[in-house]
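Fold and geometry: a report
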Amino acid sequence: GAGVSQSPSNKVTEKGKDVELRCDPISGHTALYWYRQSLGQGLEFLIYFQGNSAPDKSGLPSDRFSAERTGGSVSTLTIQRTQQEDSAVYLCASSPGTNTDTQYFGPGTRLTVL
Amino acid sequence: GQQLNQSPQSMFIQEGEDVSMNCTSSSIFNTWLWYKQEPGEGPVLLIALYKAGELTSNGRLTAQFGITRKDSFLNISASIPSDVGIYFCAGSSGGYQKVTFGTGTKLQVIP
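The model shown is predicted, which means the values in this text are computed figures rather than measured ones.

This part is about the overall build of chain B. In terms of regular secondary structure, chain B is built from 0 helices and 11 strands. In terms of C-alpha radius of gyration, chain B reaches 13 Å, essentially the compact-globule figure of 13 Å for 111 residues. Projected onto the principal axes, the alpha-carbon positions of chain B cover approximately 40 × 30 × 20 Å. If you take every contact in chain B between residues at least 6 apart in sequence, the share linking residues at least 24 apart comes to 53%. Where the 7 positive side-chain charges of chain B centre and where its 8 negative ones centre are 13 Å apart.

What follows is the structure, encoded as structure tokens:
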């Protein structure tokens, strides 16, 4: 069956530009997460969506970062005025919602800010 | 906030050797998870633990949920080259709670 997909797989942008990263979760999964993984580092939680509840944005590092989830399915992570320190792999995960512990990850988007 | 300390940070082992890695938390978790990440891919769930003291196996992998609920370990027996990757522990308080990930253990297997 289809897993979590993310696009683009790679994104190179210039400092100061805005970028949008997309996540398509597994169909029927109500929970969706975004994480950031810097080179050789662990996973840094960014934001969490659960059904129709207000998202948990506590992990967003600055107001340049935002995310939305339309129709309870596809999610977009937007980074405005990108900085070089934003360079990382951005991972999306979804879970069924009844057990949010079991997250299924996408392959990630590698963002490089020049 | 919750913090997970994972050790060792990296390991080089000979093929056929057993491997052990562990994770400790500053607070109690109700669920412990172990993931493996290979280059260019997202983490994949290996084992989930839901009860203190629980010992669960998945093939050559065995993980335990510590009695104090503040630690967990993962053992890999008779390592093979395809075991190479980064292993992450993760914990959560259960229900609609976000999961906290450890910093990862990078495993390299020498054929």
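From this point, the narrative continues.
Think of a disulfide as a covalent bridge from one cysteine sulfur atom to another cysteine sulfur atom. Under the defined criterion, the tally for this structure stands at 2 disulfides over all chains. The residue that forms a disulfide with cysteine 23 of chain A is cysteine 92 of chain A, at a sulfur-sulfur distance of 1.9 Å. Its S-S torsion of about -65° marks the bond between cysteine 23 of chain A and cysteine 92 of chain A as left-handed, since a negative value means left-handed. Of this pair, cysteine 23 of chain A sits in strand E3 (residues 19–24) while cysteine 92 of chain A sits in strand E8 (residues 88–95), and the two are 69 residues apart along the sequence. Here cysteine 23 of chain A and cysteine 92 of chain A have matching classes, each one buried. Paired by a disulfide, cysteine 23 of chain B and cysteine 89 of chain B hold their sulfur atoms 1.8 Å apart.

Moving on, we get to unusual backbone geometry. In the segment running from serine 7 of chain A into proline 8 of chain A, the intervening peptide bond is cis, with an omega of -10°. Relative to the elements of secondary structure, proline 8 of chain A occurs in the loop between strand E1 (5–7) and strand E2 (10–13). Put simply, serine 7 of chain B and proline 8 of chain B share a cis peptide bond, and its omega is -5°. The topology assignment puts proline 8 of chain B in the loop between strand E1 (4–7) and strand E2 (10–14). Positive phi, close to 45°, is recorded for alanine 78 of chain B, a residue that is not glycine. By the element assignment, alanine 78 of chain B lies in the loop between strand E8 (71–76) and strand E9 (85–92).

Strand pairing in a sheet relies on backbone hydrogen bonds, with the paired strands running either antiparallel or parallel. All names here are of chain A. On the basis of which strands lie adjacent, the open sheet formed by 4 strands has the order E1-E3-E7-E6 and antiparallel pairing. Every other strand in the sheet has two partners, leaving E1 and strand E6 (65–69) as the edge strands with one partner each. Neighbour-to-neighbour, the strand axes of this sheet turn through a mean angle of 15°, independent of strand direction. With 5 bridges joining them, E6 and strand E7 (residues 75–79) adopt antiparallel strand pairing. The residue bridging phenylalanine 65 from the neighbouring strand is isoleucine 79, located in E7.

This brings us to the packing of aromatic side chains. One pass over the full model with this rule turns up 9 aromatic pairs over all chains. Geometrically, the ring pair formed by tyrosine 33 of chain A and tyrosine 35 of chain A is stacked, given 6.1 Å between the ring centres and 15° between the ring planes. Between tyrosine 35 of chain A and phenylalanine 101 of chain B, the ring centres sit 5.3 Å apart and the planes meet at 85°, which makes this aromatic pair edge-to-face. On the criterion of chain membership, the pair formed by tyrosine 35 of chain A in strand E4 (residues 31–37) and phenylalanine 101 of chain B in strand E10 (residues 100–101) is interchain, its members lying in two chains. The pair formed by tyrosine 35 of chain A and phenylalanine 101 of chain B is uniform in burial state, with each residue classed as buried. In this structure an aromatic cluster arises from ring pairing among Tyr33, Tyr35, Phe45, Tyr48 and Phe105 of chain A together with Tyr35 and Phe101 of chain B.

To continue, consider the environment of arginine 64 of chain A. Residues and elements named next belong to chain A. Among the secondary structure elements, arginine 64 is positioned in the loop between strand E5 (44–50) and E6. The sequence separation of arginine 64 and isoleucine 79 amounts to 15 residues, and the corresponding C-alpha distance is 5.6 Å. Ignoring sequence-local partners within four residues, the contact set of arginine 64 consists of Thr78, Ile79, Gln80, Arg81, Thr82, Gln83 and Asp86. Polar side-chain contacts of arginine 64 include one of 2.8 Å to the side chain of aspartate 86.

Thresholds applied
Residues numbered from 1 in each chain as written. Chains lettered and ligands numbered in written order. Predicted model: local features only at pLDDT ≥ 70, side-chain atom pairs only at ≥ 80, totals over all residues. Heavy atoms only, no water. Helix = DSSP H or I, 4+ residues; strand = E, 2+ residues; numbered from the N terminus. Rg over C-alpha atoms; globule rule 2.2 N^0.38 Å. Contact = heavy atoms within 4.5 Å. Lys, Arg positive; Asp, Glu negative; His and termini not counted. Charge placed at Lys NZ, Arg CZ, Asp CG, Glu CD. Disulfide = S-S within 2.5 Å. Buried < 20%, exposed > 50% of the residue type's maximum accessible area, 1.4 Å probe, protein only. Pairing = 2+ DSSP bridges. Axes fitted to C-alpha atoms, helices over the stretch in contact; angles between N-to-C directions. Phe/Tyr/Trp six-rings, centres within 6.5 Å; stacked < 30°, edge-to-face > 60°. Polar contact = N/O pair within 3.5 Å; in protein donor to acceptor, adjacent residues only side chain to side chain.

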